[in-house]
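Spelled out from the first residue to the last, the chains are:
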Amino acid sequence: MTKISTGKFSLEDLENVQITINNIVGAIETKAEEEGIETGPTPKPGVSGLRDWDYKLLSRYQPVYTPVCDQCCYCTYGKCDLGGNKEGACGIDLATHQSREFLLRVITGAAAHSAHGRHLLHHLIGVHGRDHPIDMGPSNLFAPNTQLVTGIMPKTLGDLEEVVAYVEEQLMQLLSTIHAGQEGSALDFESKALHGGMLDHVGMEVSDIAQVSCLGMPKSDPDVSLAEIGMGCIDSTKPVLLVIGHNVAGVTYIMDYMEEHSLNDKIELAGLCCTAIDMTRYKTEDRSQPRTKVIGSMAKELKMIRSAAPDVIVVDEQCVRPDVLDEAKKLFIPVITTNEKIMYGLPNRSNDTADQIIDDLSSGKEPGALILNFDLLGEVAPRLAMKMAPIRDAKGIKSLPSEEELKKLTSACVQCGACELVCPNNLPIMNAMVAAAEGDITKFEKLHDHCIACGRCDPVCPKGIPILNVIEKAAQKVIREEKGKMRAGRGQISDPEIREEGVNLVLGTTPGIVAMVGCSNYPEGTKDLYTVANEMLQRNYIVVMSGCSAMDLGMYKDEEGQTLYEKYPAKFLAGNLINVGSCVSNSHITGTAIKVAAIFAQRNITGNFEEIADYIMNRIGAVGVAWGAYSQKAAAIGTGCNRLGIPVIVGPHGSKYRRALIGKPYNEEDWKVYDARNGEEMPIPSSPEFLLTTAETIEELMPMIAKNCIRPSDNNMGRMIKLTHYIELSQKYLGHLPEDWYKFVRIETDLPLAKREELLKILEKEHGWEIDWKKKKIISGPTMKLDVSAQPTNVKRLCKESVC
Ligand code: SF4
Ligand code: SF4
Ligand code: SF4
């Protein structure tokens with residue numbers, strides 16, 4: 001066995017080599033200013049620019065449609081019943097319409113991120129100027145998605161404008177194809193959706209690059225501080241200023257005003273959803289303690305408002321409940337909207353004085369105000385919170401019932417079941433009502449974490465029981481204990497980290513990246529995230545978090561009272577836990593995979609999407625998990641991963657996105673690629689066996705993750721490690737050996753060490769493989785052979801020309 005400790009090399013000439021390299025020379029040294037760089041074939045691809053690649057993906061991973069509704073009401077010919085293979089009046093069939101629906105979700109999500117990016121960029125250019133340099137930390141390659149897709153290597157904020165313009169133009173073209181009488185092919189709608197997903201990651205990257213470069217956010221720093229998280233962290237004896245949304249631009253003005261006026265200790269500033277994460281990133285690149293608290297994910301919005309704790313609510317954009325103003329009004333909480341995307345019909349007070357606005361809102365003359373002037377917002381919000389707190393105290397405003405009222409309300413329940421019928425999580429509300437009426441609130445305490453606070457149950461109760469308030473009242477003790485820790489988003493994975501870990505990922509000795517992202521529509525409560533992340537971390541996977549998932553993970557502690565963020569370090573290394581940041585930081589997860597191709601494999605990424613996606617799909621064991629995916633943005637994020645060959649698993653609610661992309665592991669023809677060394681076909685393992693699919697339970701999820709991190713490039717050590725986890729997780733959570741484990745065995749050293757003999761016996765007995773028992777070697781049986789120098793590719797043109 002050859003061991004290389006450092007150096008520059010080509011994998012092509014190496015066979016059965018164990019490589020441990022800490023410092024790969026020859027990483028991408030190209031700085032953006034070096035104009036001479038070769039550009040790949042697809043800079044700024046149009047809608048059909050990567051269609052061939054999409055068709056390759058879609059031939060192995062075929063769309064499976066699960067219509068939520070088989071009608072279409074897009075135009076006045078309709079509504080049309082498309083059930084039973086009927087065509088609509090325009091001639092579209094159900095599958096094509098479903099793919100159109102999926103595309104619509106993806107581009108809506110991509111538009112949300114890109115519009116966020118456009119807004120931030122516009123604002124930050126206004127403040128810092130077009131020439132403000134981009135600074136993402138110790139990396140030369142700091143805009144991997146942008147460079148890959150557009151061929152642009154941005155150096156300044158101004159350079160990002162061209163990138164956003166490209167994304168916007170493409171999204172507009174895609175949106176136009178939703179119009180009646182456009183595309184008639186489901187597969188071409190799918191290709192368009194993949195295009196939209198790719199654009200999404202560029203839009204997200206622009207957003208995060210702009211804010212990290214200008215707002216003092218951590219730059220690829222694994223040692224950023226921990227933020228306090230949870231409803232229990234809020235000190236409601238102080239005025240509480242609650243911020244909800246995704247676009248931190250306006251909030252930074254509130255934070256600065258509070259700093260300048262020594263209000264940090266006087267006001268409790270807390271956030272919900274991604275704005276909350278970005279608030280903890282603002283000016284914490286010096287590792288200072290975040291000045292704000294995080295309440296949690298979107299599922300906490302109504303719970304927080306109903307607690308009556310906020311004295312002022314400030315909203316920006318995305319995943320903000322449309323009923324925030326109505327709910328807040330009932331509790332005399334003024335609402336300030338700060339972004340044109342959400343205005344709630346409120347008067348635009350952007351040109352009024354702070355005193356006028358504060359008077360009108362604190363007197364109740366107006367329930368809220370639209371303030372688009374951030375300087376004004378920065379002053380109004382904290383001053384208003386200071387003024388509102390004593391006014392609301394004096395009014396004795398409360399929302400939740402008293403102990404006595406709780407008893408009365410729960411006793412009024414007639415067990416009609418109407419609430420359970422509408423509850424999206426089918427929660428056992430009736431049982432909890434009966435128990436609480438008898439003085440036992442433990443059932444409600446358990447139910448609280450599973451309740452996503454959608455509020456659907458309240459209006460259907462014939463007895464007028466405010467069910468969500470009952471749950472929240474009964475769970476007060478649990479809520480007080482909701483005190484966790486979340487590592488503030490660290491930003492990108494740096495080039496040096498990729499140099500250190502890239503090789504382990506490609507050879508499989510680090511078993512994979514598990515990216516746990518997305519929203520909080522969990523099927524069985526938030527603790528599932530903790531269980532999955534903990535299991536995978538103990539098994540040395542790199543677990544990467546973002547968005548609502550990153551927050552919810554911090555809510556649970558082990559027996560020693562530690563959260564996973566406190567327990568595991570946050571470097572890009574096996575067994576580490578990383579919070580990259582908010583939703584838009586998801587671009588750094590795909591960016592990491594692109595960087596491995598660029599830095600470790602020295603592939604040119606500039607305008608070279610197909611080659612890099614092909615590299616990632618064949619070599620980088622990564623699986624995305626969006627366990628609580630609810631939004632259109634989550635559909636876009638997942639689809640962007642898919643175009644790069646990264647598989648994504650969604651929780652059971654994810655089936656409502658209407659389509660999955662699933663391969664047929666039993667169809668051997670589908671699992672062949674070319675060997676770029678000679679152009680010959682070579683079999684590959686059926687992994688990833690899907691690009692987008694649903695898991696029903698976390699017990700099913702965990703072995704799926706382990707299996708779908710297997711890649712053709714695994715060396716024997718890597719395959720042994722991955723197979724060990726796949727088998728162990730299957731036995732631990734499903735109670736049996738997985739049915740297909742043997743399909744991933746190429747040589748006896750691929751087998752888990754501790755079970756090698758036992759598994760060899762099974763191979764011989766059940767699968768007819770020939771075993772040399774003296775040497776404990778496999779003589780015949782495997783359909784694939786171990787050849788780590790093979791160059792698997794789906795793309796013919798990447799093979800040596802003479803042969804292909
Ligand atoms: S777009 Fe086509 S299927 Fe939809 S309502 Fe119009 S005619 Fe019917
Ligand atoms: S508020 Fe909670 S209990 Fe009520 S329907 Fe929604 S998830 Fe179910
Ligand atoms: S809808 Fe109201 S009365 Fe009916 S079971 Fe639910 S809580 Fe009880």
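Source: prediction; values computed, not measured.

Peer 1: What exactly am I supposed to notice about the pairing of strand β6 (residues 226–229) here?
Peer 2: On a regular strand, one side chain projects to one face of the sheet and the next to the other, so that they alternate. Alternating residues of β6 divide into Ala227 and Ile229, all buried, and Leu226 and Glu228, none buried. Bridging between β6 and strand β13 (residues 484–487) involves four bridges; their strand directions are antiparallel. Bridging from a neighbouring strand, Leu226 pairs with Arg487 of β13.

Peer 1: Is there a simple way to explain the site of ligand 3 in this structure?
Peer 2: Looking at ligand 3, the residues that line it are Cys413, Val414, Gln415, Cys416, Gly417, Ala418, Cys419, Met430, Met433, Cys461, Pro462 and Ile467. Where the shell around ligand 3 is concerned, the elements lending two or more residues are α13 (418–422) and α14 (429–437). When its residues are assigned to classes, the shell around ligand 3 shows ten nonpolar, two polar and no charged.

Peer 1: Is there a simple way to think about the nonpolar core in this case?
Peer 2: In a soluble, globular protein the nonpolar side chains are often hidden away together inside. Formed by 129 residues in total, the largest nonpolar core has its most connected members in Leu241, Val314, Ile336 and Phe609. Broken down by element, the residue count for this core peaks at eleven residues, all from helix α5 (residues 186–214). With residues near it in sequence (within four places) discarded, Ile336 still touches Val312, Ile313, Val314, Val315, Leu361, Ala369, Ile371, Leu377, Val380, Ala381 and Leu384. Counting residues in hydrophobic clusters, the runner-up holds 60 residues, among them Cys548, Leu723, Trp741 and Leu751.

Peer 1: How should the packing of helix α15 (residues 442–450) against helix α16 (residues 467–474) be read in this particular structure?
Peer 2: Two measures define how a pair of helices packs: the angle their axes make with one another and the distance between the axes. It is at 8 Å that the axes of α15 and α16 come closest, and there the two elements cross at 110°. Here α15 is positioned roughly perpendicular relative to α16, judged by the angle of their axes. When the axes of α15 and α16 are compared, the crossing they make is left-handed. Facing Phe444, Glu445, Leu447 and His448 of α15, the residues of α16 in contact are Val470, Ile471, Glu472 and Ala474. Considering only residue class, the contact of α15 with α16 consists of five nonpolar, one polar and two charged.

Peer 1: Would you mind showing me how to read the domain arrangement of the protein chain here?
Peer 2: It is common to give the size of an interface as the accessible area that goes away when the parts come together. If you check the domain split of the protein chain, you get domain 1 (43–60 + 68–214), domain 2 (226–395), domain 3 (403–480) and domain 4 (489–780). Averaged C-alpha coordinates put domain 1 and domain 3 at centres separated by 41 Å.

Peer 1: Honestly, the confidence of the model for the protein chain in this entry has me stumped. Any pointers?
Peer 2: The predicted coordinates of low-pLDDT regions are not to be read in fine detail. In the predicted model, the protein chain carries a mean pLDDT of 93, and 95% of its residues have values of at least 70. Every residue in residues 1–33 scores below 50 in pLDDT, and together they form 74 contacts with partners more than four places removed in sequence or on other chains.

Peer 1: For this particular structure, what's the right way to read the pattern of salt bridges?
Peer 2: Note that side chains of opposite charge can pair when their charged atoms are close. Counted according to the given criterion, the structure contains 51 salt bridges. As a salt-bridge pair, Asp223 and Arg287 come within 3.8 Å of each other at their nearest N and O atoms. Remark: Arg287 occurs in the loop between α7 (274–281) and β9 (293–296) and Asp223 occurs in the loop between α5 and β6; sequence separation between them is 64 residues. Assessed through its relative accessible area of 45%, Asp223 is described here as partly exposed. We classify Arg287 as partly exposed; its relative accessible area is 44%. Residues joined by salt bridges that share partners form a network here, namely Arg306, Glu327, Lys330 and Asp458.

Peer 1: In this structure, what is going on with the packing of aromatic side chains? I would like to understand it.
Peer 2: Each aromatic ring pair is specified by the distance between its two centres and by the angle formed by the two planes. Summed over the entire model, instances satisfying the criterion amount to five aromatic pairs. Of note, Lys192 hangs over the ring of Phe189, and the distance from its end group to the ring centre comes to 5.9 Å.

Peer 1: Explain the site of ligand 1 here, please?
Peer 2: Near ligand 1, the surroundings consist of Cys72, Tyr74, Cys75, Tyr77, Gly78, Cys80, Gly88, Ala89, Cys90, Ile92, Arg100 and Ala180. Residue composition of the shell around ligand 1, grouped by class: nine nonpolar, two polar and one charged.

Peer 1: Explain helix α19 (residues 527–538) here, please?
Peer 2: An α-helix turns once per 3.6 residues; consequently, residues spaced three or four apart project the same way. If you check α19, its first and last C-alpha atoms are 17 Å apart, about what twelve residues at 1.5 Å a residue would give, namely 16 Å. Most of α19 is tucked away: nine of the twelve residues are buried. Three or more residues of α19 are buried, namely Asp528, Leu529, Tyr530, Val532, Ala533, Asn534, Glu535, Met536 and Leu537. Two residues or fewer after α19 comes Asn540, characterised by a positive phi angle close to 75°.

Peer 1: What am I meant to see in the packing of helix α2 (residues 94–128) against helix α24 (residues 632–643) here?
Peer 2: For the pair α2 and α24, interaxial distance at closest approach is 7 Å and the crossing angle is 95°. In terms of orientation, α2 and α24 fall into the roughly perpendicular class. Across from Phe102, Arg105, Val106, Thr108, Gly109, Ala110, Ala112 and His113 in α2, the residues of α24 making contact are Gln632, Lys633, Ala635, Ala636, Ile637 and Thr639. Residue composition of the contact of α2 with α24, by class: seven nonpolar, five polar and two charged.

Rules behind the numbers
- Residues numbered from 1 in each chain as written.
- Chains lettered and ligands numbered in written order.
- Predicted model: local features only at pLDDT ≥ 70, side-chain atom pairs only at ≥ 80, totals over all residues.
- Heavy atoms only, no water.
- Buried < 20%, exposed > 50% of the residue type's maximum accessible area, 1.4 Å probe, protein only.
- Helix = DSSP H or I, 4+ residues; strand = E, 2+ residues; numbered from the N terminus.
- Pairing = 2+ DSSP bridges.
- Near = heavy atom within 4 Å.
- Nonpolar A, V, L, I, M, F, W, Y, C, P; charged D, E, K, R; others polar.
- Core = buried A, V, L, I, M, F, W, Y, C linked by side-chain atoms within 4.5 Å.
- Contact = heavy atoms within 4.5 Å.
- Axes fitted to C-alpha atoms, helices over the stretch in contact; angles between N-to-C directions.
- Parallel < 35°, antiparallel > 145°, perpendicular 65-115°, else oblique.
- Left-handed = near helix turned anticlockwise from the far one by under 90°.
- Domains from an automatic or database assignment.
- pLDDT = per-residue confidence, 0-100.
- Salt bridge = Lys/Arg side-chain N within 4 Å of Asp/Glu carboxyl O.
- Phe/Tyr/Trp six-rings, centres within 6.5 Å; stacked < 30°, edge-to-face > 60°.
- Lys NZ or Arg CZ within 6 Å of the ring centre and 35° of its normal.
- Expected span 1.5 Å × (residues − 1).

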